[in-house]
Amino acid sequence: MTLHLDHAEGRDALLDELAEWERLLGAFDDLDAPSRCDGWTCGQVLAHVHLGLQDVALALLAVEAPGEVTVDAAGYWTRYPAASDPAVGSAFLAGLVAAYPRPTALTAHVAGTVRGLARGVERASEGRITFQDMTFSTGDFLGSWAVELAVHHLDLELIADPPAASALRLARRTVEDLTEAAVPEDWDDATVVLAGTGRVALSDAEAGRHPGLREAFPVLR
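Cut-offs applied
Residues numbered from 1 in each chain as written. Predicted model: local features only at pLDDT ≥ 70, side-chain atom pairs only at ≥ 80, totals over all residues. Heavy atoms only, no water. Helix = DSSP H or I, 4+ residues; strand = E, 2+ residues; numbered from the N terminus. Buried < 20%, exposed > 50% of the residue type's maximum accessible area, 1.4 Å probe, protein only. Contact = heavy atoms within 4.5 Å. Pairing = 2+ DSSP bridges. Core = buried A, V, L, I, M, F, W, Y, C linked by side-chain atoms within 4.5 Å. Phe/Tyr/Trp six-rings, centres within 6.5 Å; stacked < 30°, edge-to-face > 60°. Axes fitted to C-alpha atoms, helices over the stretch in contact; angles between N-to-C directions. Parallel < 35°, antiparallel > 145°, perpendicular 65-115°, else oblique. Nonpolar A, V, L, I, M, F, W, Y, C, P; charged D, E, K, R; others polar. Salt bridge = Lys/Arg side-chain N within 4 Å of Asp/Glu carboxyl O. Expected span 1.5 Å × (residues − 1).

### Some thoughts on the overall build of the protein
Then step 1. Scanning the protein from N- to C-terminus turns up 10 helices and two strands.
Then step 2. Of the regular secondary structure in the protein, the N- to C-terminal order runs α-α-α-α-α-β-β-α-α-α-α-α.
Then step 3. Every one of the 221 residues in the protein was classed for burial, and the buried ones make up 49%.
Then step 4. Considering only contacts within the protein whose residues lie at least 6 apart along the sequence, 73% involve residues at least 24 apart.

Structure, rendered in structure tokens:
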């Protein structure tokens, strides 16, 4: 499992997907709709993404972290800290969403963070970043967040427009890197990502044709 991205590749994929998020947030208003993220509404997905983007912005303040790189763009997902109590996390996100008086207040808040982070990503220099006790190259760090945003973009099933092609392709490469069984080349990127993250279950027919995938998936959440 090795997926190393140069600075420009990770930066550009994240910038592309941030631009898509700014567009989708301008038209999004159904916070109570169910999402593809198990047990979460679309509003909870937005609140989760908002918290994550704030963490990314803070991490970018400390480029050139000390020490050697300890994780790559794909390996991060095998070491991502699992929630100790998912129900508590879900309730916390629901509380955040409820604190906003109307849907546009939340979407506008997230959109402002998206725009600010995009400016920070554009200016970020190449180097190393420490995040969640792991040290990344900037390319791998930015690329992993392009994947995060692409996956949660797909979670918002009401959105007609797909994630940015560069971010979705990177998400597919991450799934393929983490999957020991071969992923069918004729599956489109969204299908691979939805199956590889457990958002969509393999049919019996697909599992029969690709027996290793049902056991392997999901490889990231």
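### A closer look at the pairing of strand 1 (residues 128-131)
Then step 1. The side-chain alternation of strand 1 yields one buried face, formed by Ile129 and Phe131, and one unburied face, formed by Arg128 and Thr130.
Then step 2. As defined by bridge partners, strand 1 adjoins strand 2 (residues 134-137) across four bridges and the pair is classed as antiparallel. Residue pairing for strand 2: Arg128 is matched across the bridge by Ser137.

### Let's talk about the nonpolar core
Where a protein is soluble and globular, its nonpolar side chains tend to be buried together.
Then step 1. The biggest cluster of nonpolar side chains holds 72 residues, and the ones touching the most others in it are Leu18, Trp21, Leu60, Phe141, Leu156 and Phe217.
Then step 2. It is helix 6 (residues 138-155) that provides the largest number of residues to this core, a total of nine residues.

### A few points about the packing of aromatic side chains
Then step 1. Scanning all chains against the criterion turns up five aromatic pairs.
Then step 2. Feature note: the residues Tyr76, Trp77, Phe131, Phe136, Phe141 and Trp145 constitute an aromatic cluster, connected by ring pairs.

### Here we look at the packing of helix 2 (residues 42-59) against helix 4 (residues 86-98)
Then step 1. Orientation of helix 2 relative to helix 4, taken along the N-to-C sense of each, is 95 degrees, at an axis distance of 9 Å. Here helix 2 is positioned roughly perpendicular relative to helix 4, judged by the angle of their axes. Only Ser90, Phe92, Leu93, Ala94, Leu96 and Val97 of helix 4 make contact with helix 2, whose side of the interface consists of Gly43, Gln44, Ala47, His48 and Leu51.
Then step 2. Taken together, the residues that form the contact of helix 2 with helix 4 break down as seven nonpolar, four polar and no charged.

### Some details on the pattern of salt bridges
Then step 1. Enumeration over the complete set of coordinates arrives at 11 salt bridges.
Then step 2. The partner of Arg173 in a salt bridge is Glu9, with the nearest N and O atoms 2.6 Å apart. Highlighted residues: Arg173 in helix 7 (residues 165-178) and Glu9 in helix 1 (residues 7-27), separated in sequence by 164 residues.
Then step 3. Asp189 serves as the salt-bridge partner of Arg169, at 3.5 Å between the closest nitrogen and oxygen. Taken together, the residues Arg169 in helix 7 and Asp189 in helix 8 (residues 189-196) connect sequence positions 20 residues apart.
Then step 4. By sharing partners, the salt bridges in this structure join Arg169, Arg172, Glu176 and Asp189 into a single network.

### Topic: helix 1
Then step 1. With 21 residues, helix 1 should reach 30 Å at 1.5 Å per residue; the first-to-last C-alpha distance of 31 Å fits that figure.
Then step 2. Restricting attention to buried positions, one finds in helix 1 the residues His7, Gly10, Ala13, Leu14, Leu15, Glu17, Leu18, Glu20, Trp21, Leu24 and Leu25.
Then step 3. Structurally, helix 1 contributes buried residues whose contacts are with helix 2, helix 5 (103-123), helix 6 and helix 7.

### A short note on the environment of Arg11
Then step 1. Mapped onto the elements, Arg11 comes out in helix 1.
Then step 2. Considering only alpha carbons, one finds Arg11 and Ala118, 107 residues apart in sequence, at a separation of 9.5 Å.
Then step 3. Setting aside residues no more than four positions away along its own chain, Arg11 makes contact with Val121 and Leu142.

### Here's the deal with the pairing of strand 2
Then step 1. Side chains Met134 and Phe136 of strand 2 all project onto a buried face; the interleaved residues Thr135 and Ser137 project onto the opposite face, where all are buried too.
Then step 2. In sequence, strand 1 turns back onto strand 2 through a hairpin of two residues, with Gln132 there showing a positive phi of about 50 degrees.

### Considering the environment of Leu117
Then step 1. Summarising the element assignment, Leu117 is placed in helix 5.
Then step 2. Between the C-alpha atoms of Leu117 and Leu53, which are 64 residues apart in sequence, the distance is 7.2 Å.
Then step 3. Leaving out residues up to four positions away in the same chain, Leu117 has contacts with Leu18, Leu53, Val56, Ala57 and Leu60.

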